[in-house]
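Fold and contact review
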Amino acid sequence: MSRAFNFCAGPAALPEAVLRQAQEELLDFRGTGMSVMEMSHRDQVVVELARRAEQDLRDLLGISDDYAVLFLHGGASTQFAMVPLNLMGDNGKADYINTGQWSSKAIKEARRYGDINVAASSEDRNFSYVPPQADWTLSADADYVHYCPNETIGGLEFDFIPEVDKPLVADMSSTILSRPLDVNRFGLIYAGAQKNIGPAGITLVIVRRDLLGRAGASVPAMLNYQIHADNDSMYNTPPTFAWYLAGLVFQWLKDQGGLTAMAAINERKAKRLYDFIDASGFYSNPVEKADRSRMNVPFVLANSDLDKDFLDEAGAAGLHNLKGHRSVGGMRASIYNAVPEAAVEALVAFMADFEKRHG
Ligand SMILES: *Cc1c(COP(=O)(O)O)cnc(C)c1O
């Protein structure tokens, strides 16, 4: 068996150690004679592993008791609706920062529910920079401020946490757990699991408890944070297997030395790739240096006629899923926590060799 170097943007690579443990426990979960997939979510074994996953996540991110941690269905895209449905109060108004495709989708969805002020946007330069906060036009009466700290498609990442006097809401789908985070700066954080947490099918929400209970009476129970918080995310059947796998990833992160250790590794991986791209006249990345993502590295070839050859040859060399998002073309290497430094080394070596042969 050989494991590919997988640069997929999502669902993304999982740590090999996690997959091996899941494989070992698949048929007989810790002496129960059953797979964890086959157990009731009310079973004490499942309740216990769900609790353990939450506690490990709280330890990793330093999440205080002021916050509820929810494990939900529906992906980050459902949060685009749940956030306004739950956090818009009488004002019915929110500020959004538009830095790319995911922010744009969040804005589009939120507009169904209230008055959305786009307080800043970098659309004028094709989302290649983060608008400095000094230029934002925040509303006095917004119920919350929403932004996407890491734009997965554009490869754009905020290097600061906005200072706002309203609850700050962040779509952290592609950056959560990549480095330490001061959760106390946020009202609500959400993330689809399939980038840096676990397999697709589970979505993490970290919400300050004082923001619970604001949903109107017409909001469906399944879209109400309060109901999920009151039921420990077991109001209905949760995605138990995905929850279990996320828990294994949290334990793996602890074993690696936690988020400070991960941040150092991620920093090295991103620097290695960007330094190589910047030194080359053959590859380029369009994003302002200070605003580049450490998780998603888009790049283009000077001659896009070579794109297909690049992808074919990369695949033959064991380097997979490097095609850029269909909306932007070019290439993208996603280098989440589970992508080892060896994968980045192999990618850089391949890129150098490809350039030598075709440059
Ligand atoms: C992948 C992604 C989404 C969409 O997630 P789904 O789970 O597919 O709904 C939203 N926002 C960001 C930043 C993403 O990377």
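Residues numbered from 1 in each chain as written. Predicted model: local features only at pLDDT ≥ 70, side-chain atom pairs only at ≥ 80, totals over all residues. Heavy atoms only, no water.

Looking at an unreviewed UniProt entry, the protein chain carries the name Phosphoserine aminotransferase, with the source organism given as Alcanivorax dieselolei. Here the protein chain is described in UniProt, under the heading Function (unreviewed entry), as follows: "Catalyzes the reversible conversion of 3-phosphohydroxypyruvate to phosphoserine and of 3-hydroxy-2-oxo-4-phosphonooxybutanoate to phosphohydroxythreonine." Under the Subcellular location (unreviewed entry) heading, UniProt states for the protein chain: "Cytoplasm". (UniProt positions renumbered as here; feature names shortened; annotations may be inferred.)

**Regarding the sheet that holds strand β2 (residues 67–72)**
Backbone hydrogen bonds are what pair the strands of a sheet, in a parallel or an antiparallel way. The sheet built from seven strands is open, its strands ordered β2-β10-β9-β8-β5-β3-β4 with mixed pairing. In this open sheet, the two strands that pair with only one neighbour each are β2 and β4 (115–121). With strand direction ignored, the average angle separating the axes of adjacent strands in the sheet is 15°. Here strand β5 (residues 145–147) runs beside strand β8 (residues 168–171); their pairing, made up of three bridges, is parallel. If you follow Tyr-147 over to β8, its bridge partner there is Ala-170. Contacting β2, β3 (93–98), β8, β9 (188–192) and β10 (203–208), helix α3 (residues 75–87) crosses the sheet at an angle of about 160° to β9. (Pairing = 2+ DSSP bridges. Helix = DSSP H or I, 4+ residues; strand = E, 2+ residues; numbered from the N terminus. Axes fitted to C-alpha atoms, helices over the stretch in contact; angles between N-to-C directions. Contact = heavy atoms within 4.5 Å.)

**What to know about the layout of surface pockets**
One water molecule sets the probe size; rolling that probe over the atoms shows where empty space is left. Taken as a whole, the largest pocket spans an internal volume of roughly 430 Å³. What lines the largest pocket is a set of 27 residues, and nearest its centre among them are Ala-9, Gly-10, Trp-102, Thr-152 and Lys-195. Secondary structure elements with two or more residues in the lining of the largest pocket: α3 and β14 (331–334). It is α3 that provides the largest number of residues to the lining of the largest pocket, a total of four residues. Split by residue class, the lining of the largest pocket holds ten nonpolar, 13 polar and four charged. (1 Å grid on protein atoms, 1.4 Å probe; cavity = no way out; pocket = protein on both sides within 12 Å on 5 of 7 lines; lining within 4 Å. Points joined across faces, edges and corners; volume = space filled by probe spheres on them. Nonpolar A, V, L, I, M, F, W, Y, C, P; charged D, E, K, R; others polar.)

**Some details on the site of the ligand**
In the neighbourhood of the ligand, 13 residues make up the surrounding shell, with Ser-77, Thr-152, Asp-171, Gln-194 and Lys-195 lying closest. Measuring from an oxygen atom of the ligand, one finds a side-chain N or O atom of Thr-152 at 2.4 Å. Between a nitrogen atom of the ligand and a side-chain N or O atom of Asp-171, the distance comes to 2.6 Å. For the ligand, the accessible surface in isolation is 390 Å², of which the surrounding protein chains cover 86%. (Near = heavy atom within 4 Å. Polar contact = N/O pair within 3.5 Å; in protein donor to acceptor, adjacent residues only side chain to side chain. Areas by Shrake-Rupley, 256 points an atom, 1.4 Å probe, with all protein chains shown as cover.)

**So, the UniProt feature "binding site: L-glutamate" (unreviewed entry) in the protein chain**
UniProt records the feature "binding site: L-glutamate" (unreviewed entry) at Arg-42, using the numbering of this structure. Mapped onto the fold, Arg-42 is located in the loop between α1 (16–25) and α2 (44–61).

**Some thoughts on the state of the cysteines**
According to the stated counting rule, one finds zero disulfides in the structure shown. Cys-8 forms no disulfide, and the closest cysteine sulfur to it belongs to Cys-148, at a distance of 17 Å. A relative accessible area of 19% places Cys-8 in the buried class. (Disulfide = S-S within 2.5 Å. Buried < 20%, exposed > 50% of the residue type's maximum accessible area, 1.4 Å probe, protein only.)

**A word on empty space enclosed by the protein**
As enumerated under the stated definition, the model contains two cavities of 30 Å³ or more in all. Here the largest cavity defines a volume of roughly 70 Å³. If you trace the largest cavity, you find it lined by Ala-13, Leu-14, Pro-15, Lys-195, Asn-196, Ile-197, Gly-198, Val-249, Trp-252, Tyr-336, Asn-337 and Ala-338. When the residues that make up the lining of the largest cavity are grouped by side-chain class, the tally is eight nonpolar, three polar and one charged. Two domains each donate at least three residues to the lining of the largest cavity, and these are domain 1 (5–15 + 257–358) and domain 2 (17–255). (Domains from an automatic or database assignment.)

**Notes on helix α6 (residues 240–255)**
Compared with an ideal rise of 1.5 Å per residue, which puts 16 residues at 22 Å, α6 spans 23 Å between its outermost C-alpha atoms and is within 8% of the ideal. Most of α6 sits inside the fold, with twelve of its 16 residues counted as buried. For α6, the full list of buried residues reads Thr-240, Ala-242, Trp-243, Tyr-244, Leu-245, Ala-246, Gly-247, Leu-248, Val-249, Phe-250, Trp-252 and Leu-253. Those residues of α6 that are buried are in contact with α1, α2, β2 and α7 (258–279). Note on α6: the residue one or two positions beyond its end, Gly-257, has a positive phi of about 110°. (Expected span 1.5 Å × (residues − 1).)

**What about the sheet that holds β14?**
Spatial ordering of the open sheet is given by β11-β12-β14, a layout of three strands whose pairing is antiparallel. With one partner strand each, in any of the chains shown, β11 (283–284) and β14 form the two edges of the open sheet. With four bridges joining them, strand β12 (residues 296–301) and β14 adopt antiparallel strand pairing. By the bridge assignment, Val-297 is partnered in β14 with Ala-333.

**Remarks on the packing of aromatic side chains**
For the structure on display, the rule yields 19 aromatic pairs. Put simply, the rings of Phe-276, Phe-282, Tyr-283, Phe-299, Phe-310, Phe-350 and Phe-354 touch in pairs and so form one group of aromatic residues. Positioned above the aromatic ring of Tyr-129 is the side chain of Arg-125, whose terminal nitrogen or guanidinium carbon lies 4.0 Å from the ring centre. (Phe/Tyr/Trp six-rings, centres within 6.5 Å; stacked < 30°, edge-to-face > 60°. Lys NZ or Arg CZ within 6 Å of the ring centre and 35° of its normal.)

**Brief notes about a nonpolar patch on the surface**
Residues Leu-26, Leu-27 and Met-37 make up a contiguous nonpolar surface patch of roughly 310 Å² in combined accessible area. Mapped onto the elements, Leu-27 comes out in the loop between α1 and α2. (Patch = residues over 30% accessible without salt bridge, like charges linked within 9 Å, V, L, I, M, F, W, Y side chains within 5 Å. Salt bridge = Lys/Arg side-chain N within 4 Å of Asp/Glu carboxyl O.)

**Some words on the environment of Tyr-190**
Inspection of the secondary structure puts Tyr-190 in strand β9. Judged by relative accessible area, which is 0%, Tyr-190 ranks as buried. Through-space distance from the C-alpha of Tyr-190 to that of Met-172 is 5.9 Å; in sequence the pair is 18 residues apart.

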